[in-house]
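Given next are the chains, with one letter for each unit.
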Amino acid sequence: IDALLRVSAIEGERRRSAFREMDISEICGELFDFFEPLATAKGVELTLARGGAILRRGDPDLMREAIANLIDNAIKYGAVGETRGESGAKPEVEVTATEKGGVVEIAVTDRGPGIPAHRHCARFALLCPCPSRAASSSSVSQRRSPRCAN
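Throughout, a residue's number is its position along its own chain's written sequence, starting from 1. Under the rules for a predicted model, residues below a pLDDT of 70 receive no local features and side-chain atom pairs below 80 are neither given nor counted, while totals for whole chains, interfaces and linings still include all residues. To get the side-chain values, all heavy atoms of the structure are used, and hydrogens and water are removed first.

*Asks:* Explanation requested: the packing of aromatic side chains in the structure shown.
*Replies:* To describe a pair of aromatic rings, you give the distance between the ring centres and the angle between the ring planes. Whether two aromatic rings pair depends on their centres lying within 6.5 Å, for rings of Phe, Tyr and Trp, where Trp uses its six-membered ring; planes under 30 degrees apart make the pair stacked, over 60 edge-to-face, and the rest tilted. For the structure shown, the criterion picks out one aromatic pair. Arranged with centres 5.1 Å apart and planes meeting at 85°, the rings of Phe34 and Phe35 form a pair that is edge-to-face. The rule is simple: take the accessible area with a 1.4 Å probe, protein chains only, and divide by the maximum for that residue type; under 20% is buried, over 50% is exposed, in between is partly exposed. You can call Phe35 buried: its relative accessible area is 6%.

*Asks:* Can you help me understand the pairing of strand E5 (residues 103-110) in this one?
*Replies:* A regular strand carries its side chains on alternate faces of the sheet. Across eight bridges, strand E4 (residues 92-100) lies against E5 in antiparallel orientation. Considered in E5, the bridge of Glu99 is made with Val104. When DSSP finds two or more bridges between two strands, those strands count as paired. Secondary structure follows DSSP: runs of H or I at least 4 residues long count as helices, runs of E at least 2 residues long count as strands, and numbering of each begins at the N terminus. Between E4 and the antiparallel strand that follows it, E5, lie two residues; Gly101 among them carries a positive phi value of about 60°.

*Asks:* Looking at this structure, I do not really get the side chain of Asp23. What am I missing?
*Replies:* Relative to the assigned elements, Asp23 resides in strand E1 (residues 20-23). Dropping the residues within four chain positions of it, Asp23 is found in contact with Ala53, Ile54 and Leu55. Contacts were defined at the residue level, with two residues in contact if any of their heavy atoms lie within 4.5 Å.

*Asks:* Could you clarify how one ought to interpret the nonpolar core in this entry?
*Replies:* A general feature of soluble globular proteins is that nonpolar side chains tend to end up buried together. Counting 19 residues, the largest nonpolar core has Leu31, Phe35, Leu46 and Ile71 as the members making the most contacts within it. For this core, the elements supplying multiple residues, two or more each, are helix H2 (24-41), helix H3 (60-78) and E4. Looking at this core, the element that brings in the most residues is H2, giving seven residues. In contact with Ile71, not counting residues within four places along its chain, are Leu31, Phe35, Leu46, Val95 and Val108. In this description, a nonpolar core means a group of buried Ala, Val, Leu, Ile, Met, Phe, Trp, Tyr and Cys residues linked to one another through side-chain atoms lying within 4.5 Å.

Keep in mind that these numbers describe shape and distance, not what the molecule does.
Here it is, written out as structure tokens:
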């Protein structure tokens, strides 16, 4: 809830004072160091792929929280049952931070089952223009989830 309130505050331009130059690649590296012991304890191989500095202006605490949530979820849920696969390989979670043509891409990848298609709108409610959210004035709610069928 705190993260959603901060996003709302940013959209309302009240929190822009927290914006400063941040290195997204460095944030990913810090989070990799933080989560590596948890991943190891759970038998998950955590890898990091990043290039040089990726500098952007933004709220580094909010960025850190968003990426940490993705990594934490991937370790907890994305690798569940993965070792039972045909390969018998160790479960993997990969964190990547890249910049191509001025566009930054942060990805946390695992081989877990993901969210079932019928639950995408429920899970990504803020990104889904479902009829129940049509009256919302938030710009976030107007963006369409690429997986939302509604």
